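Architecture at a glance
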Amino acid sequence: MHAAIWVTIGAVIGGMARFWISGLVARRMGETFPWGTLLVNISGSFVIGLAATFGGQGADAIGGPTVRLFLTTGICGGYTTFSSFSLQTLNLAREGEWVPAAGNVILSVVLCILAAYLGILAGTALTPH
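These numbers were taken from a predicted model, which means no experiment stands behind them. (Residues numbered from 1 in each chain as written. Predicted model: local features only at pLDDT ≥ 70, side-chain atom pairs only at ≥ 80, totals over all residues. Heavy atoms only, no water.)

Some remarks on helix α2 (residues 35-53)
The terminal C-alpha atoms of α2, which comprises 19 residues, lie 27 Å apart, in line with the 27 Å expected from a rise of 1.5 Å per residue. Considered for burial, the residues of α2 that qualify are Gly36, Thr37, Leu38, Val40, Asn41, Gly44, Ser45, Gly49, Ala51 and Thr53. (Helix = DSSP H or I, 4+ residues; strand = E, 2+ residues; numbered from the N terminus. Expected span 1.5 Å × (residues − 1). Buried < 20%, exposed > 50% of the residue type's maximum accessible area, 1.4 Å probe, protein only.)

Structure, rendered in structure tokens:
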């Protein structure tokens, strides 16, 4: 199957996962702070770090470069919500909620970078040497 079709299928899966996960978190924790978006961005950063590690020789471990595109560009591209993060942070700031807005920026950046790093470490540990 052509790579673009795999990316499209992955984006649909990622978008639906984002919808369900962020909605579930919002229902359980409330919508005052965008916890669902934060969780999606952290977990998506981990998965993209993990999948990106399986490049080169390691790509065969997950089915080759097309599978890597399906995971990174498709699923993670449809799943992660940086645009939602940006709008929600801007809305918090516009409402004068400066501490939650700053907290969302700091937590999102630090935890997503950490999650991507942990994904790389996990991918490295799982890659045959």
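Observations regarding the layout of surface pockets
If you add up the space inside the largest pocket, you get close to 380 Å³. Here the lining of the largest pocket takes six residues from helix α1 (residues 3-29), the largest share from any one element. Residues belonging to the lining of the largest pocket are distributed by class as follows: seven nonpolar, ten polar and three charged. (1 Å grid on protein atoms, 1.4 Å probe; cavity = no way out; pocket = protein on both sides within 12 Å on 5 of 7 lines; lining within 4 Å. Points joined across faces, edges and corners; volume = space filled by probe spheres on them. Nonpolar A, V, L, I, M, F, W, Y, C, P; charged D, E, K, R; others polar.)

A closer look at the environment of Ser83
Looking at where Ser83 falls in the secondary structure, it is placed in helix α4 (residues 82-94). Note: C-alpha distance between Ser83 and Glu95 (twelve residues apart in sequence) is 18 Å.

Section: the side chain of Thr37
With respect to the helices and strands, the residue Thr37 is situated in helix α2. We classify Thr37 as buried; its relative accessible area is 10%. Here Thr37 is in contact with Ser22, Thr81, Ser84, Phe85 and Gln88, once residues within four sequence places are set aside. (Contact = heavy atoms within 4.5 Å.)

Focus on the packing of α2 against helix α5 (residues 98-126)
At a closest axis distance of 7 Å, the pairing of α2 and α5 adopts a crossing angle of 30 degrees. On the basis of their axis angle, the class for α2 and α5 is roughly parallel. Considering how the two elements wind past one another, α2 and α5 form a crossing that is right-handed. Residue classes in the contact of α2 with α5 are distributed as 13 nonpolar, eight polar and no charged. (Axes fitted to C-alpha atoms, helices over the stretch in contact; angles between N-to-C directions. Parallel < 35°, antiparallel > 145°, perpendicular 65-115°, else oblique. Left-handed = near helix turned anticlockwise from the far one by under 90°.)

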